[in-house]
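Residue-level listing of the chains:
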Amino acid sequence: MFLIAILTDIAFILEHNNELRFFSKPLVILSLGIYFFQISRTVFSTLLTRTILSALLFSWIGDILLLWEEFFLFGLGAFLIAQVCYIIGFKVAQKAPESLFNHNFVKTFFINLPIYLVAAYLYYLIHPNLGGYKMPVIVYTIAIVSMVTTARERFGKSNPASFWQVFIGASLFFISDGLIALNRFYISFPEADVLVMGTYAIAQLLIVMGIRAHLIQPQ
């Protein structure tokens, strides 16, 4: 169902049929959420399952809200909550985190530096055109960068299949949001909607499959 939903939505994008996207776009994450619920019903009461389902729920709400231009900020808020849920989920889906006293913050900073630099450069490009969106965009940028770095920090703390799927998925999520920002606040380009939806759908699918891999083999 997920594959049919995303292919249908992309077809409507290519046909510039925005009216029918009101039906196709919400089905993408809805179908993925139903799939994740089905595979995690036996551990539904765990914090991990609930945070991932919550992330998918708020992503679904965000997708619907972003169908209306005037609800952009509300959509951004829904995705902000989704990012926070993913951060919690990624923290849970790993071995016990290091003590703050043993954590090498300098090493972590330099490992994550490429992510910070990409986010900073993206903000540099779009900030002249943000207007009243400046603070919400800053807050959201911090959230999604934190989501990506949290996914990256699972390296060696989860099985490889789970790590790579979640990390690549989180990175694609960041790319998708970056494309939205560039198209909206820097320079619009005709391929934006297809690229945004394509990277976003693959991102969500990989995150779900990565968490599934963790549920099957926690370590």
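What comes next concerns the included structure. (Residues numbered from 1 in each chain as written. Predicted model: local features only at pLDDT ≥ 70, side-chain atom pairs only at ≥ 80, totals over all residues. Heavy atoms only, no water.)

Moving on to the overall build of the chain. Within the chain, the secondary structure is distributed over eight helices and zero strands. Reading the chain from its N end, one meets helices and strands in the order α-α-α-α-α-α-α-α. In summary, the chain has a C-alpha radius of gyration of 17 Å against a globular reference of 17 Å for 219 residues, a match within 12%. With respect to the three principal axes, the spread of C-alpha positions in the chain is 50 × 40 × 25 Å. For the chain, contacts bridging at least 24 residues in sequence account for 72% of all contacts bridging at least 6. Accessible area of the chain: about 11,500 Å², with a carbon and sulfur share of 72%. Mean positive and mean negative side-chain charge positions of the chain (13 and 11 charges, respectively) differ by 17 Å. (Helix = DSSP H or I, 4+ residues; strand = E, 2+ residues; numbered from the N terminus. Rg over C-alpha atoms; globule rule 2.2 N^0.38 Å. Contact = heavy atoms within 4.5 Å. Areas by Shrake-Rupley, 256 points an atom, 1.4 Å probe, with all protein chains shown as cover. Lys, Arg positive; Asp, Glu negative; His and termini not counted. Charge placed at Lys NZ, Arg CZ, Asp CG, Glu CD.)

Of all hydrophobic cores here, the largest spans 43 residues; its most connected members are Val28, Leu56, Tyr86, Phe90, Met147, Phe173 and Ile211. Going through the elements one at a time, α1 (2-14), α2 (18-39), α3 (47-65), α4 (72-92), α5 (105-126), α6 (134-152), α7 (160-185) and α8 (192-216) are the ones with two or more residues in this core. Not counting the four nearest positions on each side in its chain, Tyr86 is found in contact with Ile52, Ala55, Leu56, Met147, Phe173, Gln204 and Ile207. Counting eight residues, the second-largest nonpolar core is a separate cluster that includes Phe72, Leu122, Ala181 and Phe185. (Core = buried A, V, L, I, M, F, W, Y, C linked by side-chain atoms within 4.5 Å. Buried < 20%, exposed > 50% of the residue type's maximum accessible area, 1.4 Å probe, protein only.)

Moving on, we get to the packing of α5 against α6. At a minimum axis distance of 10 Å, the contact between α5 and α6 shows a crossing angle of 155 degrees. As summarised for this structure, α5 and α6 are arranged roughly antiparallel, according to the angle between their axes. The chirality of how α5 crosses α6 is right-handed. Across the interface between the two elements, Thr108, Ile111, Asn112, Ile115, Tyr116, Ala119, Tyr123 and Ile126 of α5 pack against Lys134, Val137, Ile138, Thr141, Val145, Val148, Thr149 and Arg152 of α6. Classifying every residue of the contact of α5 with α6 by side-chain character gives ten nonpolar, four polar and two charged. (Axes fitted to C-alpha atoms, helices over the stretch in contact; angles between N-to-C directions. Parallel < 35°, antiparallel > 145°, perpendicular 65-115°, else oblique. Left-handed = near helix turned anticlockwise from the far one by under 90°. Nonpolar A, V, L, I, M, F, W, Y, C, P; charged D, E, K, R; others polar.)

A separate point is α4. Think of an α-helix as 3.6 residues a turn; residues three or four steps apart then line up on the same face. With 21 residues, α4 extends 30 Å between its outermost C-alpha atoms, agreeing within 8% with the 30 Å of an ideal straight helix rising 1.5 Å per residue. Listed in full, the buried residues belonging to α4 are Phe72, Gly75, Leu76, Ala78, Phe79, Ala82, Gln83, Cys85, Tyr86, Ile87, Gly89 and Phe90. The inward-facing, buried residues of α4 contact α3, α6, α7 and α8. (Expected span 1.5 Å × (residues − 1).)

Under the criterion given, the structure shown has three salt bridges. Notably, a salt bridge pairs Glu153 with Lys91, separated by 3.8 Å at the nearest N-O pair. Of the two residues, Glu153 sits in the loop between α6 and α7 while Lys91 sits in helix α4, which places them 62 residues apart along the sequence. A relative accessible area of 41% means that Lys91 is categorised as partly exposed. (Salt bridge = Lys/Arg side-chain N within 4 Å of Asp/Glu carboxyl O.)

Take the side chain of His214 next. Counting through the fold element by element, His214 comes out in helix α8. In contact with His214, not counting residues within four places along its chain, are Leu48, Val92, Ala93, Gln94, Arg154, Asn159 and Ser162.

Another aspect to go through is the packing of aromatic side chains. Inspection of the entire model under this criterion finds 18 aromatic pairs. The interplanar angle of 80 degrees and the centroid separation of 5.4 Å between the aromatic rings of Phe109 and Phe110 together place this pair among those described as edge-to-face. Linked through ring pairs, Phe79, Tyr86, Phe90, Phe173 and Tyr200 together constitute an aromatic cluster. (Phe/Tyr/Trp six-rings, centres within 6.5 Å; stacked < 30°, edge-to-face > 60°.)

Interhelical geometry of α4 versus α7 gives an angle of 160 degrees and a closest axis separation of 13 Å. Judged on the interaxial angle alone, α7 and α4 are roughly antiparallel. The chirality of how α4 crosses α7 is left-handed. Where α4 approaches α7, its residues Phe72, Phe79, Gln83, Tyr86 and Phe90 are matched on the opposing element by Val166, Ala170, Phe173, Asp177, Arg184 and Phe185.

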